[in-house]
Amino acid sequence: MKIAIKSFKCTDADVTIIPVFEGKLETPNEEITKTLTRLESRGQFKGEFLEVVNFTRNVENNLKDVIVIGIGKEEDVTKEKVRKIYGKVQKKANELKTKKVFIRAIDTNIISLEDIIKASVEGFVLASYKFDKYKSDKKENIEFEISIGGKHIGDDKINELEGYLQEAKSLAEATIIARDLVNEPSNVIYPETLAEKVETLGNEYGFEVQVFEKDQIEELGMKAFLEVARGSKKKPKLIVMRYFGDKENEDKRLGLVGKGLTYDSGGYSLKPNDGMVTMKSDMGGAAAVIGTMVATVKNKLKKNVIAVVAACENMISGDAYKPGDIIGSMAGKTIEVLNTDAEGRLTLVDAVTYIIEKEKVSEVVDIATLTGAVLVALGATTTGVVTNNCEFYGDLDKASKISGEPVWMLPAFEEYKNLIKGEIADLKNIGGKHAGTVTAGLFIGEFVGDKPWLHLDIAGTAWADAVGEYNIKGGTGTGVRTLYELAKIR
Ligand code: BES
Ligand code: MN
Ligand code: ZN
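Below, the structure is looked at part by part. (Residues numbered from 1 in each chain as written. Chains lettered and ligands numbered in written order. Predicted model: local features only at pLDDT ≥ 70, side-chain atom pairs only at ≥ 80, totals over all residues. Heavy atoms only, no water.)

Where helix H9 (residues 284–298) meets helix H15 (residues 480–489), the closest approach of the two axes is 8 Å, and the angle between their N-to-C directions is 50°. In terms of orientation, H9 lies oblique with respect to H15. Between H9 and H15 the crossing geometry is right-handed. Side by side, H9 and H15 meet where Ala-287, Ala-288, Val-289, Gly-291, Thr-292, Ala-295 and Thr-296 of the first sit next to Val-480, Leu-483 and Tyr-484 of the second. Grouping the constituent residues of the contact of H9 with H15 by class yields seven nonpolar, three polar and no charged. (Axes fitted to C-alpha atoms, helices over the stretch in contact; angles between N-to-C directions. Helix = DSSP H or I, 4+ residues; strand = E, 2+ residues; numbered from the N terminus. Parallel < 35°, antiparallel > 145°, perpendicular 65-115°, else oblique. Left-handed = near helix turned anticlockwise from the far one by under 90°. Contact = heavy atoms within 4.5 Å. Nonpolar A, V, L, I, M, F, W, Y, C, P; charged D, E, K, R; others polar.)

Have a look at this one:
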C-alpha cells in the first residue's frame, strides 16, 4: 500500500474521503455540502460516529466517488475513534473498488494533526488485513494509493507529517506480522517454523537472531521450560532477538519475553474441545514481541531491545509431565505442578531468568496469553497488568494511551503471594480458583529479583471473537504498538 501526505490541491483520486462532525455538515465543496444538507433533511445522514454515505459526482466529465464518514460530535473525538473511522472507510473504499484514494484529514483542535495522521493511517492499514490464504476463492487485495491532505495542512508541514505517517504505517504492518503468526495454525507454526520465521524477519529488517536447540536449552538448565515441552514430538526452541540501537548506553536494555506456546492442549489437565480450538493463539505474546522488534528496528529507535521466546507445545504423551510432578527451573527454585494447563508461567519463568542472567537486561516486560481469568476480570478489550514498579507501569500507561490498547493494573499485595507457596516444593503452579490473573503474574514475579518488571496478560485481548472496525475475527496483534511506544519512552 502506498501512502503519502499530499498538499490539498493536487489530487487525481478516484475517491475522496470526507470526514464530517455531527451537527456541522460543512465541507470545502459547496456541491457536496448541499448534498449532505439534503440527506440530513431527509434523515438519511447526520454525521454520527461511523455513519457512512457514498455518492458519485461528475467532475469535468469524469465520474468520481465521494465517501462521507461521520465522526460524531467534535468534543467527543478520540484517537481510537479516528482509527475506527478509517477502518470503516477502508472497507467502503474496498467495496467501491477504488484504487486512488484521497483522504481529507480531520480538522480539529482536540487532537494534534500528527495524531490524526497516525491514527488515520493505523486504522486504514489495519483494516486492510485479511487472513484468507487457505481459501481457494481468495479476493484480490486492492493496491490502494492513498494521499492524505487538507486545507489545514500547509506545504511546510508535509515532510514532518510524512515521518509520522511512515511510523504509523510501519506499526500497522508490524501488527499484521503478529496477526499472521497468531492466525497460522499450529501444524504450520510450531517451534521450529516459528524460529525460522523469526530468522527470516531478522535478516529482512536487521536484528540479530539466535536460536537455541534442545540440547543447548538443557545446558542452560531451563528445566521448567523443558518439562512443558516434553509431551510433544515437536522440539522446543529458545528464540533470542537482539537490537542495539543505543550502543553508548550498552547496559540499558529493555527485555521482552513473549509466551510462545505454539499449541496448548492443556496436557494431562486436558482442555475441553471448546477451549482447545483457539489454542494455536497461545503464542500471541511471542507474536507481540516479534512484531515489536520489527517495529523498533524499522523505526531505528535509539534503544537497546532484547526479546526472548521459549517456544514449545503443551501436549500429551507417555513422556509428558503430569499433575503432581515436582520440577526444577533455571533459577533453581522447585515447583509443584498441580495443573499441567498452567504451563505458560513455567516456560516464562525460565525465559525471564534467561533474559536477566544471560542477556543482562535492565528491566523486563513479559507478555502472555496466560489466564482465562483475565477475561472474567477485564473482558476482551483490556490487558491486565501485574508489576513490581509503579514508575514502569506509568510509562506503560502512557504507551497504551498512545497506541489505544487499554491496560489496567491489578493489585499485587503480599497476601496473594501466599497462594502460590508450595507445600512440598518452593512454589506451586496454580494459586486456587480466585484471583487467577494476579497469582499467575506473581508466580512470574518470583523470578525477576529486583528488576523493574511488567507482566501483561493478553489472554483476553490477543484474539477477537468478532470482527471490529479494524480487526478481523482472530489474532489482533495486540501489544506490538504498545510495546514499541514503551520502548520509545524508556
Ligand atoms: N493459554 C491458557 C490461557 C488462555 C485461556 C488463553 C483462554 C486464551 C484464552 C493458559 O495456559 C491456561 O490454560 N490457563 C489456565 C490456568 C489455570 C489452569 C490456573 C486457565 O486460565 O484456565
Ligand atoms: Mn494452559
Ligand atoms: Zn497456555
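Moving on, there is more to tell.
Unlike most non-glycine residues, Asn-61 shows phi in positive territory, near 70°. Structurally, Asn-61 can be placed in the loop between strand S3 (52–59) and strand S4 (62–72). On the basis of relative accessibility, which here comes to 73%, the residue Asn-61 falls in the exposed class. Phi is positive for Ala-435, close to 50°, though the residue is something other than glycine. Within the secondary structure layout, Ala-435 lies in the loop between strand S16 (427–428) and helix H14 (436–445). (Buried < 20%, exposed > 50% of the residue type's maximum accessible area, 1.4 Å probe, protein only.)

The coordination sphere of the zinc ion (ligand 3) contains the protein donors Lys-259 (NZ), Asp-264 (OD), Asp-282 (OD) and Glu-343 (OE), at a distance range of 2.0 to 2.4 Å. Considering all six donor atoms around the zinc ion (ligand 3), angles at the metal cover 77 to 173° and the coordination shape is octahedral. Read in sequence order, the donor residues for the zinc ion (ligand 3) give the motif K-x4-D-x17-D-x60-E. Between the zinc ion (ligand 3) and the manganese ion (ligand 2), a spacing of 3.1 Å is present, and a bridge between the two is formed by Asp-264. Each of the two residues, Lys-259 as well as Asp-264, counts as buried. (Donors = N, O, S within 2.8 Å, 3.2 Å for Na, K, Ca; no water. Tetrahedral: all angles 85-135°; square planar, octahedral: opposite > 155°, others 65-115°.)

This part covers the pattern of salt bridges. Counted under the stated rule, the structure contains 39 salt bridges. With its nearest N and O atoms 3.3 Å apart, the salt bridge here joins Lys-118 to Glu-485. Taken as a pair, Lys-118 in helix H3 (residues 113–127) and Glu-485 in helix H15 lie far apart in primary sequence, 367 residues in all. We note that Lys-118, like Glu-485, is buried. Residues Asp-325 and Lys-322 are paired through a salt bridge, measuring 3.8 Å at the closest nitrogen-oxygen approach. A network of salt bridges, in which partner residues are shared, links Glu-80, Arg-83, Glu-122, Glu-405 and Arg-481. (Salt bridge = Lys/Arg side-chain N within 4 Å of Asp/Glu carboxyl O.)

Below, the discussion takes up the sheet that holds S16. Strand order in this open sheet of three strands is S11-S12-S16, and the pairing throughout is mixed. Two strands in the sheet have a free side with no partner beyond their single neighbour: strand S11 (326–327) and S16. Taken together, the two bridges between S11 and strand S12 (residues 335–336) define a ladder with antiparallel strand orientation. Residue pairing across strands places Ile-326 opposite Glu-336, the latter belonging to S12. (Pairing = 2+ DSSP bridges.)

Purely geometric stuff here, so don't read any function into it on its own.
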